[in-house]
Amino acid sequence: MSDSDGDKSSSGPANSGLGDSTRAVRAGLPEPVKHEPALPGPVFAAHYHLPGAPTGPYTYGRDENPTWTLLERAIGELEAPDQDGVETLVFASGMAAVSSVLFSQLRTGDTVVLPGDGYQALPLVRAQLEAYGIEVRTAPTGSDAQLDVLDGARLLWIETPSNPGLDVCDVRRLAAAAHTHGCLVAVDNTLATPLGQRPLELGADFSVASGTKQLTGHGDVLLGYVTGANASAMAAVRRWRKIAGAIPGPMEAWLAHRSIATLPLRVDRQDATALTLAEALRGRPEVTGLRYPGLPDDPSYKIASQQMRHYGCVVSFVLPTRARADRFLSALRLVDDATSFGGVRSTAERRGRWGGDAVPEGFIRFSVGAEDPGDLVADVLRALEESTD
């Protein structure tokens, strides 16, 4: 890879105007070279030949890797296809990416606003932030409740749709309000993916996600990323990655890039089937608290339809008791009882088994895979029947 390839993770309008599928299958690819593969294999290197002054794009394996470079370009082209100066950095996991933003942007005495109904690990993050003398405020995702606690904050952390409750907030409104307070805005885009929404276009400073989920979609890679257009803020994120060493392996990065090519196909199938499943569950007497942002009668539908292009592959609902939920999960034949979401194989779990989420004992988080919709819905409805008392 030549020095001209050293603009490692900037995204520009080279693929502007293309459709999602066209962009995804070509995202991040190097210029074609005769006899070379379209997507070069993973580069396994702890160090690089570096005579003389230590300049150039690749110096040491904790800092940069050519395989990361291509993946970072690919993600940037999906997150911000029409923006110049956007940078993407990849990490070893989604939580490494989350931590990089929080701990690189906040100092003792700062205030951060987190969602009170966000990802299960956020309470652990809160405890660590408070140990460093950072004030943490929380408010629910729904009804844009975080607006009420913004005053004096340094960073607003948004999770929309929220996990696992699937509430949606108005990113444009929250970002505009935060910026009037001089507050940075980060959006966890894991559940939506860049095909579902583009936080930077909605006014956010950072789009952060776990690539472990639907982005890579096969349940075999741990990965995270941060995309942003603020050069100084992203420089701090890059420095944190270097200090913490929270870097992905080259094989994981290569697998992630390979998987992005099929993201539009998977999103189309999985999200459409999620809506079909939600519609099938809507009339079931044992199902309460059904949530899917793509249902026209869902509380989040109005704002979701204004800022999202796809509604995600996760459906949540509540069964009457913990025992009923456990029987339902055991009766499923085409669905794995497993955590995480976004994979081509459907998974479901009783989310309360982990603790830390304010959900009923019978709360089910269901991640829709790429199975035939009729087969999946039939399996779910049969399992509901078989799990009755």
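Within each chain, residues carry numbers counting from 1 in the order of the written sequence. For this predicted model, a pLDDT threshold of at least 70 governs which residues receive local features, and a threshold of 80 or more governs which side-chain atom pairs are given and counted, while totals over whole chains, interfaces and linings are taken from all residues. With hydrogens and water stripped out, all remaining heavy atoms of the structure feed into the side-chain values.

### Quick word on the pairing of strand β5 (residues 155-159)
Right, on to step 1. A 1.4 Å probe rolled over the protein chains alone gives each residue an accessible area, and that area as a share of the maximum for its type sets the label: buried under 20%, exposed over 50%, partly exposed in between. Where helices and strands are cited, they refer to DSSP runs of H or I of at least four residues and of E of at least two residues respectively, numbered from the N terminus. Counting buried positions over the five residues of β5 gives five, a clear majority of the element.
Right, on to step 2. In this structure, strand β3 (residues 111-115) lies alongside β5, joined through two bridges in parallel fashion. Across the sheet, residue Val113 finds its bridge partner in β5, namely Leu156.
Right, on to step 3. A pair of strands counts as paired when DSSP detects no fewer than two bridges linking them. Bridge count for β5 against strand β6 (residues 184-188) is five bridges, and the pairing is parallel. In the strand pairing of β6, Leu155 is matched with Leu184.
Right, on to step 4. Read from β5 through helix α5 (residues 171-180) to β6, the crossover connection turns out right-handed. Assignment of crossover handedness uses the view with strands pointing away from the viewer, where a clockwise path from the first strand over the helix to the second indicates a right-handed crossover.

### Thoughts on unusual backbone geometry
Right, on to step 1. Following Thr160, the chain continues into Pro161 via a peptide bond in cis, with omega recorded as -10 degrees.
Right, on to step 2. Tracing the backbone through its elements, the reader meets Pro161 in the loop between β5 and α5.
Right, on to step 3. Residue Pro164 is reached from Asn163 by a cis peptide bond, and omega for that bond is 15 degrees.
Right, on to step 4. Note on placement: Pro164 falls in the loop between β5 and α5.
Right, on to step 5. For His35, which is not a glycine, the phi torsion comes out positive at approximately 75 degrees.
Right, on to step 6. Even without glycine at this site, Ser143 takes up a positive phi of about 60 degrees.
Right, on to step 7. As for its placement among the helices and strands, Ser143 is situated in the loop between β4 (135-139) and β5.
Right, on to step 8. What makes Ser143 exposed here is its relative accessible area of 74%.

### Notes on the packing of aromatic side chains
Think of a pair of aromatic rings as described by two things: how far the centres are apart, and how the planes are tilted against each other in angle.
Right, on to step 1. In this scheme Phe, Tyr and Trp rings, the latter by its six-membered ring, pair at centre separations within 6.5 Å, and the angle between planes marks the pair as stacked below 30 degrees, edge-to-face above 60, and tilted otherwise. Tallied over the entire structure, the rule returns four aromatic pairs.
Right, on to step 2. When the centroid spacing of 5.7 Å and the interplanar angle of 40 degrees are considered together, the rings of Tyr48 and Tyr58 count as tilted. Linking Tyr48 in the loop between α1 (20-26) and α2 (66-79) with Tyr58 in the loop between α1 and α2, this pair joins segments that are 10 residues apart in sequence. For the pair formed by Tyr48 and Tyr58, the shared burial category is buried.
Right, on to step 3. A ring pair is formed by Phe317 and Phe328, whose centres lie 6.0 Å apart and whose planes are at 75 degrees; its orientation type is edge-to-face. Of this pair, Phe317 sits in strand β10 (residues 314-318) while Phe328 is found in helix α11 (residues 322-331), placing the two residues 11 residues apart along the sequence. Summarising the burial analysis for this pair, Phe317 and Phe328 share the class buried.
Right, on to step 4. When the ring centre of Phe341 is taken as reference, the NZ or CZ atom of Lys213 above it lies at 5.5 Å. Look at NZ for Lys and CZ for Arg. If either is within 6 Å of the ring centre and within 35 degrees of the ring normal, a charge sits over the ring.

None of the figures reported here should be taken as evidence of function without further support.
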